Each structure stands twice: as structure tokens, then as C-alpha cells.
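Structure at a glance
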Amino acid sequence: MGSAGFLIIFAVVNAAEAKTAGERRSKAWISITAAATCVAALVALIAKSSLSAVSVLAAMVTVSFGIEATFRRASGRSLRTR
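What comes next concerns the included structure. This structure is a prediction, so every number in the text was calculated from the model and none was measured. All residue numbers refer to positions counted from 1 along the written sequence of the respective chain. Restriction of local features to residues with pLDDT of at least 70 applies here, the model being predicted, together with a cutoff of 80 or more for giving and counting side-chain atom pairs; totals for whole chains, interfaces and linings are based on all residues. As a rule here, side-chain values cover all heavy atoms of the structure and leave hydrogens and water aside.

1. Considering the overall build of the protein
Operational definition: Comment: elements are numbered from the N terminus, with helices defined as DSSP H or I runs of at least four residues and strands as E runs of at least two. Here the radius of gyration uses the C-alpha set of atoms, whereas the globule reference equals 2.2 Å times the residue count to the power 0.38. Only protein chains enter the accessibility calculation, which uses a 1.4 Å probe; a residue whose area is less than 20% of its type maximum is buried, one above 50% is exposed, and one in between is partly exposed. We call two residues contacting when some pair of their heavy atoms lies within 4.5 Å.
Helices and strands together make up the secondary structure of the protein, namely four helices and zero strands. Listing every helix and strand of the protein by position from the N terminus yields α-α-α-α. In summary, the protein has a C-alpha radius of gyration of 15 Å against a globular reference of 12 Å for 82 residues, an excess of more than 25%. When each of the 82 residues of the protein is scored for burial, the buried share is 15%. Of the contacts made within the protein by residues no fewer than 6 positions apart, 60% connect residues no fewer than 24 positions apart.

Structure, rendered in C-alpha cells:
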């Protein structure tokens, strides 16, 4: 499920780039297409995976959000949003 983790990261990075494309004069549609392709590949990967593999992915995502929330609380830092 490491590949699924990377697909999630790539999708989020491309979505963030699409959101801020105007600041860098880049083409948002390229990043949107890339993010959508990553999500489609993730869905296909999950559909072909065993239940135990999908459970590992769910655990990875849950743990990563838990670590991030703990870090934010401990450091007093908040997410920057536009």
C-alpha cells in the first residue's frame, strides 16, 4: 500500500498546485488532470487490493493524521489557509 500512499501525496500536491497556479503562471488544468489521474489510479489500486491491504492503507492514513494533529496541538501551530 506504499504505492497508494504516494498516489495520495501526488494527488494532494497537484490539487494544491492547481489552487495556486495563478501565482506561478502555470496551467491549472494540467495539475487538475494530474490530480484526477492519481485519484483514478488510487481507486483502481484499491479495487484490486485485498481487504487486509486496504486496512493497512486506512491505518497509514489514520496514523498520519493523528501524528499531524498531535504535532499541531503540541507546537501550537495551526494550518495556513488561503
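That shown, we press on.
2. Some remarks on the nonpolar core
Under the convention used in this document: We call a set of buried residues a nonpolar core when its members are Ala, Val, Leu, Ile, Met, Phe, Trp, Tyr or Cys and they connect through side-chain atoms within 4.5 Å of each other.
With six residues, the main nonpolar core is built from Ala4, Leu7, Ala11, Cys38, Leu42 and Leu57. Counting only elements with at least two residues in this core, the list comes to helix H1 (2-19) and helix H3 (28-48). Considering each element in turn, this core owes the most residues, three residues, to H1. Beyond its immediate stretch of four places on either side in the chain, Ala11 contacts Ala35, Cys38 and Val39.

3. Re helix H4 (residues 51-75)
To keep things clear, this is the line we draw: Take the number of residues in a helix, subtract one, and multiply by 1.5 Å to get its expected span.
Here H4 contains 25 residues, and its C-alpha end-to-end distance of 36 Å stays within 8% of the 36 Å for a straight helix at 1.5 Å per residue. Following H4 by one or two positions, Gly76 has its phi on the positive side, about 75°.

4. Here's the deal with the packing of aromatic side chains
Note the threshold: In this scheme Phe, Tyr and Trp rings, the latter by its six-membered ring, pair at centre separations within 6.5 Å, and the angle between planes marks the pair as stacked below 30 degrees, edge-to-face above 60, and tilted otherwise.
For the structure on display, the rule yields one aromatic pair. Each ring, one from Phe6 and one from Phe10, has its centre 6.2 Å from the other, and the planes form 35°; the classification is tilted. Taken together, the residues Phe6 and Phe10, both in helix H1 and four residues apart, mark about one turn of the helix. With relative accessibility at 51%, the residue Phe6 sits in the exposed group. On the basis of relative accessibility, which here comes to 44%, the residue Phe10 falls in the partly exposed class.

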